[in-house]
Amino acid sequence: MKEFRVLARLELINLFGLNTYRHTKDPKEKKKKLALLIALGFVGVVLMGYAGGTAYALAGFGLADKIPMMYVLLAFALQLGLGAMKAKSLIYRETDLELLTALPLRGTHVAAARMVRLYVDGLILTTLVLLPGMIICGIYTGAGLLFYVGILPALLILPILPVAISAWVGILFAAIIARFRHKVLAEVILVVILMIGMLVVSAAFSTNTMSAGGDDKAASSSTVSTADRSTENATEELTKEEKEAERRAENERIKAKLSAAAKDALQSLESACPPAGILGEGLQKPDFLVLLIYLLISLVFFVITVFVLGRNFFAISARLRTVSRHREYQMEALKEQSVMKALVKKEAARYFSSGIYVVNTIVGPILAIGFAVALAFIDLSKPVKDLPMVHMESALPYLLGGFFSMFSISSCSISMEGKNWWIPRSLPLSTREILGAKALFNLIFLAPVYCLMEVILMFTVRVSLADRLWLLLVPLAGIPFSVLFGLFLNLKFPKLHWENATEVVKQSAASGLSLLGGFAILLPGVGAMVLPDGYRHLLNPVMILVIAGVSWLLYRKVMSFPLEKLES
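Rules behind the numbers
- Residues numbered from 1 in each chain as written.
- Predicted model: local features only at pLDDT ≥ 70, side-chain atom pairs only at ≥ 80, totals over all residues.
- Heavy atoms only, no water.
- Helix = DSSP H or I, 4+ residues; strand = E, 2+ residues; numbered from the N terminus.
- Buried < 20%, exposed > 50% of the residue type's maximum accessible area, 1.4 Å probe, protein only.
- Contact = heavy atoms within 4.5 Å.
- Phe/Tyr/Trp six-rings, centres within 6.5 Å; stacked < 30°, edge-to-face > 60°.
- Core = buried A, V, L, I, M, F, W, Y, C linked by side-chain atoms within 4.5 Å.
- Patch = residues over 30% accessible without salt bridge, like charges linked within 9 Å, V, L, I, M, F, W, Y side chains within 5 Å.
- Areas by Shrake-Rupley, 256 points an atom, 1.4 Å probe, with all protein chains shown as cover.
- Salt bridge = Lys/Arg side-chain N within 4 Å of Asp/Glu carboxyl O.
- Lys, Arg positive; Asp, Glu negative; His and termini not counted.
- Charge placed at Lys NZ, Arg CZ, Asp CG, Glu CD.
- Expected span 1.5 Å × (residues − 1).
- Axes fitted to C-alpha atoms, helices over the stretch in contact; angles between N-to-C directions.
- Parallel < 35°, antiparallel > 145°, perpendicular 65-115°, else oblique.
- Left-handed = near helix turned anticlockwise from the far one by under 90°.
- Nonpolar A, V, L, I, M, F, W, Y, C, P; charged D, E, K, R; others polar.

Asker: Break down the overall build of the protein chain for me, with residues and values.
Answerer: A count of helices and strands for the protein chain gives 26 helices and 0 strands. The proportion of buried residues among the 568 residues of the protein chain is 44%. Counting only contacts in the protein chain whose residues sit at least 6 apart along the sequence, the fraction spanning at least 24 positions is 84%.

Given below as structure tokens:
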């Protein structure tokens with residue numbers, strides 16, 4: 001047990017860089033870690049705000065009693081999806097395998113300690129998603145003190161089962177990848193399949209939700225329209241107070257129809273996943289017997305997973321270890337290339353040699369294409385049909401531009417050089433050539449994704465010619481901004497000393513702060529949703545010029561950056 005405590009402490013001691021922030025004496029390093037913590041805190045606040053806003057909307061429709069079921073299922077799905085992608089690199093990592101093999105350690109203790117780290121990550125995510133919804137559920141349902149007391153044990157036990165399932169998915173991924181010669185390509189394909197599956201399930205649920213209430217809303221709209229036409233003349237003679245009462249009554253009828261549609265959709269979801277319904281009902285009552293049964297099932301599965309994986313941990317890790325196979329070298333004719341072309345090819349080789357790097361930076365482009373396809377099945381105007389001042393389609397260009405600004409490749413491109421950073425610095429290359437190649441590769445990588453997305457949007461989105469122009473130009477302006485913003489952050493917060501690419505891609509300050517670029521692109525979309533057409537067509541070109549101007553300033557700043565500062 002002492003071995004397990006030591007290993008678990010080592011896994012958790014520097015979570016989010018907290019230990020480095022506490023004990024480092026370097027002011028620059030302390031600022032970098034503080035910036036990372038601020039970025040992570042901001043993302044957490046946004047996630048809690050989104051979860052709380054959605055729960056508030058459900059409570060407004062009179063569906064507060066369905067919040068526990070829905071949020072339990074949402075937290076489970078999110079943790080399972082993210083945990084499956086992290087389990088391979090977290091549980092079966094190769095960097096310290098030789099060291100652990102040489103020590104007198106039990107495999108069960110190593111596996112258990114790493115699963116505890118996965119559990120803590122899941123606990124944080126579950127808390128951010130579930131806690132706001134449960135509090136709003138308790139307020140709107142008038143729950144007693146026992147309900148709030150039961151929230152804490154529920155948060156502690158809910159992540160256990162997804163962790164165990166994620167561990168098996170991780171070993172399955174690792175086993176499949178280990179049998180392919182092109183392991184990075186295999187890892188990327190598996191993650192893309194997983195993300196597409198999640199998007200398909202989400203789109204299917206959205207479609208079922210709309211179809212569940214479609215007939216009722218259509219009937220309501222038809223009835224209201226007929227009533228409006230039959231009483232058009234009479235309405236003109238109504239007093240102001242009567243008109244206001246009529247408007248409130250109409251809003252209540254629309255709200256009742258939407259509430260019925262949402263209730264039908266949630267009931268169908270509950271029927272499709274009975275355990276989520278049972279657990280959600282157990283949280284709402286609260287029924288501690290249900291929570292105890294879930295805890296026992298989760299612990300049994302968790303212990304079995306630790307025992308099976310731990311008994312054969314070192315043997316499994318050795319078999320899953322990546323082995324490079326090289327072809328026989330054949331001398332060919334030498335080719336002369338330009339400096340920029342050679343540097344771009346080097347960037348491409350470095351990028352596609354790391355599965356973690358590719359998997360984490362391809363999320364934004366995949367979401368952009370997936371969302372463009374999903375628009376063929378989702379009508380953005382339906383949720384705000386009764387709010388004439390809100391036009392969801394107007395925010396679409398900024399939303400798509402925000403996808404491209406998430407997890408940019410350039411935010412890690414300098415740090416990924418690592419100990420090899422001296423090689424380009426020792427060559428007769430200027431700052432413009434070294435950093436320009438990194439930016440150019442990122443642009444080349446995103447260009448076909450952008451073109452494919454725009455082609456898909458031509459068939460899935462029906463908008464006016466002016467709006468079609470903004471769909472083209474706003475994301476196009478956002479791509480160079482995201483590339484240069486990520487490169488600027490990596491210059492300010494470099495991480496050249498690392499042992500695992502995970503430290504750079506997932507835990508560095510530059511990659512965390514790069515998310516802010518996506519939010520900067522999204523914010524103008526909020527204004528575009530509520531502005532009239534004339535003002536919106538004025539806002540869009542102004543924002544394009546602002547984004548282009550900021551990109552130009554970033555370019556000037558990046559290309560004039562003294563690279564010798566990174567070596568100090």
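Past the structure itself, the notes keep going.
Asker: Talk me through the packing of aromatic side chains; I want residue IDs and the actual numbers.
Answerer: The description of an aromatic ring pair uses the distance of the two centres, along with the angle that the planes make with each other. In total, this model carries 12 aromatic pairs according to the counting rule given. Connected via pairs of aromatic rings, a cluster forms that spans Tyr351, Phe352, Tyr357, Phe441 and Phe445.

Asker: I'd like a rundown of the nonpolar core, residues and numbers included.
Answerer: Core analysis: the biggest nonpolar cluster contains 55 residues, and Ile67, Tyr71, Ile91, Met115, Leu130 and Leu279 have the highest contact counts within it. Counting residues per element, this core draws most heavily on helix α6 (residues 107-141), which supplies 16 residues. For Ile91, the residues in contact, after removing those within four places along its chain, are Arg114, Met115, Leu118, Ala167 and Phe313. Membership of the second largest hydrophobic core comes to 51 residues, among which are Leu375, Leu429, Val504 and Val505.

Asker: So what's going on with a nonpolar patch on the surface? Residues and values would help.
Answerer: Taken together, the side chains of Trp168, Val300, Phe301, Ile304, Phe307 and Val308 make up a nonpolar region of the molecular surface, amounting to roughly 510 Å² of accessible area. In terms of residue count, the dominant contributor to the nonpolar patch is helix α13 (residues 288-311) (5 residues). Along the chain, Val308 turns up in helix α13.

Asker: I'd like a rundown of the pattern of salt bridges, residues and numbers included.
Answerer: In the structure shown here, the tally under the stated rule is 6 salt bridges. Between Arg117 and Asp121 there is a salt bridge whose closest N-O contact spans 3.4 Å. Taken together, the positions of Arg117 and Asp121, both in helix α6 and 4 residues apart, correspond to about one turn of that helix. Each member of the pair, Arg117 as well as Asp121, carries the same accessibility label: buried.

Asker: Give a description of a positive patch on the surface that names residues and reports values.
Answerer: The grouping of Lys28, Lys492, Lys557 and Lys565 at the surface amounts to a positive patch. Structurally, Lys557 is set in helix α26 (residues 533-559). Among the residues examined, Lys557 registers a relative accessible area of 47% and is labelled partly exposed.

Asker: Quick rundown of the environment of Ala51? Include the residues and the values.
Answerer: Tracing the chain through its elements places Ala51 in helix α3 (residues 27-60). Separated by 77 residues in sequence, Ala51 and Leu128 place their C-alpha atoms 7.9 Å apart.

Asker: Explain α13 residue by residue, including any values.
Answerer: Over its 24 residues, α13 runs 34 Å from end to end, which matches the ideal 34 Å to within 8%, given 1.5 Å per residue. For α13, every residue scored as buried is listed here: Val290, Leu291, Tyr294, Ser298, Phe302, Thr305, Val306, Leu309 and Gly310.

Asker: Pulling in residues and values, what's your account of the packing of helix α4 (residues 67-91) against α6?
Answerer: It is the contact of α4 with α6, at a shortest axis distance of 9 Å, that shows an interaxial angle of 160°. It follows from the interaxial angle that α4 and α6 lie roughly antiparallel. Remark: the crossing between α4 and α6 carries right-handed chirality. The residue makeup of the contact of α4 with α6, split by class, is 19 nonpolar, 4 polar and 4 charged.

Asker: Now, about the packing of helix α12 (residues 274-284) against α13: what can you tell me, with residues and values included?
Answerer: At their nearest, the axes of α12 and α13 sit 8 Å apart, and the two run at 130° to each other. In terms of axis orientation, α12 runs oblique to α13. In the crossing of α12 with α13, the sense of the turn from one axis to the other is left-handed. Touching Ile278, Leu279, Gly282 and Leu283 of α12 are Val290, Leu291 and Tyr294, all from α13. Looking at the contact of α12 with α13 residue by residue, the class counts come to 6 nonpolar, 1 polar and no charged.

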